[in-house]
Every structure is written in structure tokens, then in C-alpha cells.
Amino acid sequence: MTTTTNTTPAPASPAAPESYAAEHPARLEWVRHSPEVYKAMVRLDAAARKGLDARLLELVKVRASQLNHCAYCLDMHSKDALAAGESVERIVQLAAWEESRHFYTEKECAALELTEAVTVLTDGFVPDEVFERAAAHFEEAELSQLIAAITVINAWNRFGVTCRLTPGHYQPGQHG
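Residues numbered from 1 in each chain as written. Predicted model: local features only at pLDDT ≥ 70, side-chain atom pairs only at ≥ 80, totals over all residues. Heavy atoms only, no water.

Caption draft 1: Structural view of the overall build of the chain. Within the chain, the secondary structure is distributed over 8 helices and 0 strands. N-terminal to C-terminal, the α/β element order of the chain is α-α-α-α-α-α-α-α. Expressed as a percentage of its 176 residues, the buried residues of the chain come to 39%. The contacts of the chain with a sequence gap of at least 6 include a subset with a gap of at least 24, amounting to 70%. In the structure as shown, the chain presents an accessible area of about 9700 Å², 56% of it carried by carbon and sulfur atoms. (Helix = DSSP H or I, 4+ residues; strand = E, 2+ residues; numbered from the N terminus. Buried < 20%, exposed > 50% of the residue type's maximum accessible area, 1.4 Å probe, protein only. Contact = heavy atoms within 4.5 Å. Areas by Shrake-Rupley, 256 points an atom, 1.4 Å probe, with all protein chains shown as cover.)

Caption draft 2: Expanded view of a nonpolar patch on the surface. The grouping of Leu82, Val88 and Val92 at the surface amounts to a nonpolar patch, some 270 Å² of accessible area in total. Overall, the relative accessible area of 55% leaves Val92 in the exposed class. (Patch = residues over 30% accessible without salt bridge, like charges linked within 9 Å, V, L, I, M, F, W, Y side chains within 5 Å. Salt bridge = Lys/Arg side-chain N within 4 Å of Asp/Glu carboxyl O.)

Caption draft 3: Examining the packing of helix H7 (residues 128-137) against helix H8 (residues 140-163) more closely. Remark: H7 packs on H8, axes separated minimally by 8 Å, with the N-to-C direction vectors making an angle of 125 degrees. It follows from the interaxial angle that H7 and H8 lie oblique. Our pair here, H7 against H8, has a crossing hand that is right-handed. Counted together, Phe131, Ala134, Ala135 and His137 of H7 and Glu142, Leu143 and Ile147 of H8 form the full contact between these two elements. Classifying every residue of the contact of H7 with H8 gives 5 nonpolar, 1 polar and 1 charged. (Axes fitted to C-alpha atoms, helices over the stretch in contact; angles between N-to-C directions. Parallel < 35°, antiparallel > 145°, perpendicular 65-115°, else oblique. Left-handed = near helix turned anticlockwise from the far one by under 90°. Nonpolar A, V, L, I, M, F, W, Y, C, P; charged D, E, K, R; others polar.)

Caption draft 4: Main features of the nonpolar core. Counting residues in each nonpolar core, the largest one holds 32 residues, and the members touching the most others are Trp30, Leu114, Leu146 and Trp156. Ranked by residue count, the leading element in this core is H8, at 8 residues. Membership of the second largest hydrophobic core comes to 7 residues, among which are Val62, Trp97, Tyr104 and Cys109. (Core = buried A, V, L, I, M, F, W, Y, C linked by side-chain atoms within 4.5 Å.)

Caption draft 5: How the structure looks around the pattern of salt bridges. Scanning the entire structure with this criterion turns up 12 salt bridges. Residues Lys61 and Asp45 are paired through a salt bridge, measuring 3.6 Å at the closest nitrogen-oxygen approach. On the criterion of sequence distance, the pair formed by Lys61 in helix H3 (residues 54-67) and Asp45 in helix H2 (residues 35-49) is long-range, its members being 16 residues apart. Each of the two residues, Lys61 as well as Asp45, counts as buried.

Caption draft 6: Fine view of the packing of aromatic side chains. Counted under the stated rule, the structure contains 5 aromatic pairs. Plain terms: the ring middles of Tyr38 and Trp156 are 5.9 Å apart, the flat faces sit at 65 degrees to each other, and that makes the pair edge-to-face. Here Trp156 lies in helix H8 and Tyr38 lies in helix H2, a separation of 118 residues in the sequence. With a relative accessible area of 6%, Trp156 lands in the buried category. A ring pair is formed by Phe103 and Tyr104, whose centres lie 6.4 Å apart and whose planes are at 55 degrees; its orientation type is tilted. The exposure class assigned to Tyr104 is buried, which follows from its relative accessible area of 7%. (Phe/Tyr/Trp six-rings, centres within 6.5 Å; stacked < 30°, edge-to-face > 60°.)

Caption draft 7: Looking closely at H3. Its 14 residues place the ends of H3 20 Å apart at the C-alpha level, agreeing with the 20 Å of an ideal helix rising 1.5 Å per residue. A large share of H3 lies buried, amounting to 11 of its 14 residues. Buried within H3 are the following residues: Leu56, Leu57, Glu58, Leu59, Val60, Lys61, Val62, Arg63, Ala64, Ser65 and Gln66. Of the surrounding elements, those touching the buried residues of H3 are H2, helix H4 (71-83), helix H5 (88-93), helix H6 (106-120) and H8. With a side-chain oxygen lying 3.2 Å from the backbone nitrogen of Arg55, the N-terminal cap of H3 falls on Asp53. Phi turns positive one or two residues past the end of H3, at His69, with a value near 55 degrees. (Expected span 1.5 Å × (residues − 1). Polar contact = N/O pair within 3.5 Å; in protein donor to acceptor, adjacent residues only side chain to side chain.)

Spatial relationships are all this shows, so hold off on functional conclusions.
Structure follows, in C-alpha cells:
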């Protein structure tokens, strides 16, 4: 997760003659200042994704990043999802997946519901029924990996949001 500062505004599209807003610089280049933490996070991320379907994993990462308003991770994981063969339509529908359940398998819906429960923790816990629905679709080892992956993307999101990492420069597969 390398941060890049680009002071050149994005090019205006042919339909919009006005230029885009200026790109903001990152608040803090935490990777440069805490390289050992970054390396540990990369190792944790690699361990958490083992045994999980790449497309499911990217859907989970995009949804958690939407909930956490992490523009940097949204940029990264939307691109990685597309590179993994995910459709634009399913990525777009993630923001309203409950109303668009027919775009997803029951297993994916259970993973998205668990992602929301772990990410938001509104009631201070993950409801039993949410956990049970996920447990019905995932073997225990896979469910453990899914929980780890959800936890890891939430940690990445917190670095991205706090340091205000700049989206738009990530290339698919750049970090993994």
C-alpha cells in the first residue's frame, strides 16, 4: 500500500468540460514511517486470504471499504475485483446488496452480512443469526479465514481513512 501524491488533476471527460477538483495529498505517509507495521499487515493480509475465493474476498473488501468510507481501498479493491473477473454490475450493486440479493449467491450474501456486522458493530457484537447464516455456508476453517479477512480490511481501511491516502493510482495486483 504505497502512497503517491499526484498534484495533476484528473483529465476532464469529454462530456464535462470543467476540470476535476484538485487531488489532496496524503496526511501522513504511514508506510514510510512505520515500515515494520506495514510489513506485518502485509503478512497478516496474506495469511487471512488463504483458502478464500478471490472474487468473494474482493467483494468483502469493497463492501467493508464502502462502509468505512475508505476511498483508497475502494479504488484498490474495485480494480482487483475486476481483474479477478468480477462484473462491474455486481461491484456497483454492493452498496445496496440487500436490495440486489439476486446478483449474489446465498454464500456471498452471508459473507456480506457478516462483513457488515463485523465492520459496523453497531450493537457492540455480531448477532447470533448473522454468524449462524455465515456458518451455514462456510466450513469452520473457511469461516475463520473470512473473519480474519474482514478484520484485516477493516484495519487497512483505518490506516487509509486516518492518513487520507489518495485513491486513483493503484494498478490491479500492485500489492499482492
